[in-house]
Every structure is written in structure tokens, then in C-alpha cells.
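# Geometric and topological summary
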Amino acid sequence: CGFFVHRAVAYLRHASPIDTLTWDGSYLSTNYQSTLRTDYEYYGTDLSYEHQLSEVAAITGAVSYFRFVPDDFLHTRSDIYGALIGYRYAPTDRFLVSGSAGLDYDVTHQDDIGFDTGDSTDLGYRVKFNMNYALNDQTKAVISLSHDVQPSGNGRLETQNRGALTLNYQFGEKTAFSLVANYVDNQDYFGSGTGTNGSEELSRYFSVGPSLSWDITEDLKLQASYQLRHKIFEGDGGSATDNAAFLTIRYALPEMHWSLF
């Protein structure tokens, strides 16, 4: 499959040195070279706030809106409204841990071959946890855990539980090597999430792979990566293993900063 990602970021900083307001907008368009998968667009915006409690601790909050538009004959459109509140703690320059929890509200609309079928809604929870530890000036380890709703090539939103371990080694100012291990499943353990429910196909997969990135310019990055993935289908007990290589060019729009006095 192929995909195109466009991402824009802007920052708005208040006069107070302990408060930061950040706006983030993104757009994702995914196209598959397979009739078994559904192309989709996913775009929206986040507005986050951070208040510094001390030199090492801060409270955080965020609200978001995203739209999921799969390319299906039902003309499906899903609007996802989210909110998070969390805490960040960085006792040293080498160690940082943060966590947040909140809610997702999903409104999905479909047209059944020209007839309006109305809206369906879901209310679910969101959890995110991150821990960064710098082993030395060149090597960093990152652990991340999350429970959230995500777009999928199945033509619908899916509840996803994700865990990732990333080891990153910086060769120099422009070149870095990473080794990434992931675990993902779409089980809604508490029965209150948006997206996948018990009547849909449940699965889990494990993946591992290296990547090498090179900063061509400050805003342009070239990345080559390889991934080996093993997927298990819960319903029939089947499994599949695949591998893929990727060559990715990422461009980030210049950051914009404002100060209010």
C-alpha cells in the first residue's frame, strides 16, 4: 500500500513562562493496492495546554476533533471528539514520564444506497503513557502505551491497544538509527470504547524492525525502514507473517510561534 501524509504545526505561547498553548493540525490520505482494504482520509486538529507546576512537573490537557472518511459505497463519515487530562514529570535531563486519560465521542453517519440511515454514536475512553530515558548523549529508549480509537483499512474506526519500545542511536547531527518493537490489538477490554466491538474481527500483531533516517534539511527527512510482522486472528485461530520495506520522505511545515504580552 502507499500513503501520503501532510502535517502542519503551530505554537501559541502565553506571556506567562509557565503556560503553553499548542495547536496541531494533520492530514492523512491512505491508498491501498488491494481490493481487500479500503482507502481512507483522516484529518483534524488538536489543541493542548500545559501548566508548569514546578521545574520538574506539569499538568496537561487537550481537546481534539478528527474526521474519518473511508472510500466505501455507504459514504461513511465519522466525527471523533476527544479530550485528555494528564501529568508530566521530568526529574532529570535524561528521564521523562507522562500519562493522560480522557474520553472519545464518535458520531458516524452512513447513506445506505442513497437513503439516509441516520447517525450512530459511541462513547469510549482514552489512555496514554510515555517514558523517555537517555542512556547517554547518543542513545535513548522510549516506552509508550496507549488505548485509543484509530482509523483502519477495514473501512471503520478501530479501538486499539498499543505498546511500543524504541531504541534510538544518534550517529551525528543528521543521521539516526532506530530499532522499534510493537504490540497492537483491537480488543476493547472494558467494553466501553469506540470503534471495534465484540461482533467484529479481533486480532493482535507483533512487529519488529530497524530504520535509518537522514535529515536532508531542517524540515525534510528521508527514512528507510524494514518491518517483520506476525498477526494472529482470534476468531478462527489463524495467523499470518509478513515483511515489508519502506522508503519515506517526510516534510514538516515551518513552525509558527506567537507571544502574547
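Anything mentioned here points back to the structure above.
Throughout what follows, the structure given in this document is the object of discussion.

Attention now goes to the overall build of the protein. Assigned secondary structure in the protein consists of zero helices and 14 strands. Walking the protein from its N terminus toward its C terminus, one meets helices and strands in the order β-β-β-β-β-β-β-β-β-β-β-β-β-β. Burial analysis of the protein (261 residues in total) assigns 32% to the buried set. As presented, the protein carries roughly 15700 Å² of accessible surface, and 59% of it is formed by carbon and sulfur atoms.

On the surface, a nonpolar cluster with roughly 980 Å² of combined accessible area is contributed by I143, L145, L165, L167, Y169, F171, F177, L179, V208, L212, Y226 and L228. Broken down by element, the residue count for the nonpolar patch peaks at three residues, all from strand β9 (residues 157-170). Inspection of the secondary structure assignment puts L212 in strand β11 (residues 203-215). Classification of L212 as partly exposed rests on a relative accessible area of 42%.

This part takes up the nonpolar core. Core analysis: the biggest nonpolar cluster contains nine residues, these being L28, Y32, Y40, Y42, F66, F68, I80, V149 and L157. Of all the elements in the fold, those that place two or more residues in this core are β3 (40-52) and β4 (57-70). Beyond its immediate chain neighbours, meaning those up to four positions away, F66 contacts S26, Y42, Y43, G44, T45, D46, S78, D79 and I80.

Once that is clear, we can look at the packing of aromatic side chains. Any pair of aromatic rings gets described here by the distance separating the centres and the angle formed by the planes. For the coordinates displayed, the defined rule picks out six aromatic pairs. Residues Y65 and Y81 carry aromatic rings whose centres are separated by 5.3 Å and whose planes lie at 45° to one another, so their mutual orientation is tilted. With a gap of 16 residues between them, Y65 in strand β4 and Y81 in strand β5 (residues 77-89) connect regions that are remote in the sequence. For Y65, a relative accessible area of 30% corresponds to the partly exposed category. Above the ring of Y205, the side-chain terminus of R229 is found at 4.9 Å from the ring centroid.

Cut-off values and rules
- Residues numbered from 1 in each chain as written.
- Predicted model: local features only at pLDDT ≥ 70, side-chain atom pairs only at ≥ 80, totals over all residues.
- Heavy atoms only, no water.
- Helix = DSSP H or I, 4+ residues; strand = E, 2+ residues; numbered from the N terminus.
- Buried < 20%, exposed > 50% of the residue type's maximum accessible area, 1.4 Å probe, protein only.
- Areas by Shrake-Rupley, 256 points an atom, 1.4 Å probe, with all protein chains shown as cover.
- Patch = residues over 30% accessible without salt bridge, like charges linked within 9 Å, V, L, I, M, F, W, Y side chains within 5 Å.
- Salt bridge = Lys/Arg side-chain N within 4 Å of Asp/Glu carboxyl O.
- Core = buried A, V, L, I, M, F, W, Y, C linked by side-chain atoms within 4.5 Å.
- Contact = heavy atoms within 4.5 Å.
- Phe/Tyr/Trp six-rings, centres within 6.5 Å; stacked < 30°, edge-to-face > 60°.
- Lys NZ or Arg CZ within 6 Å of the ring centre and 35° of its normal.

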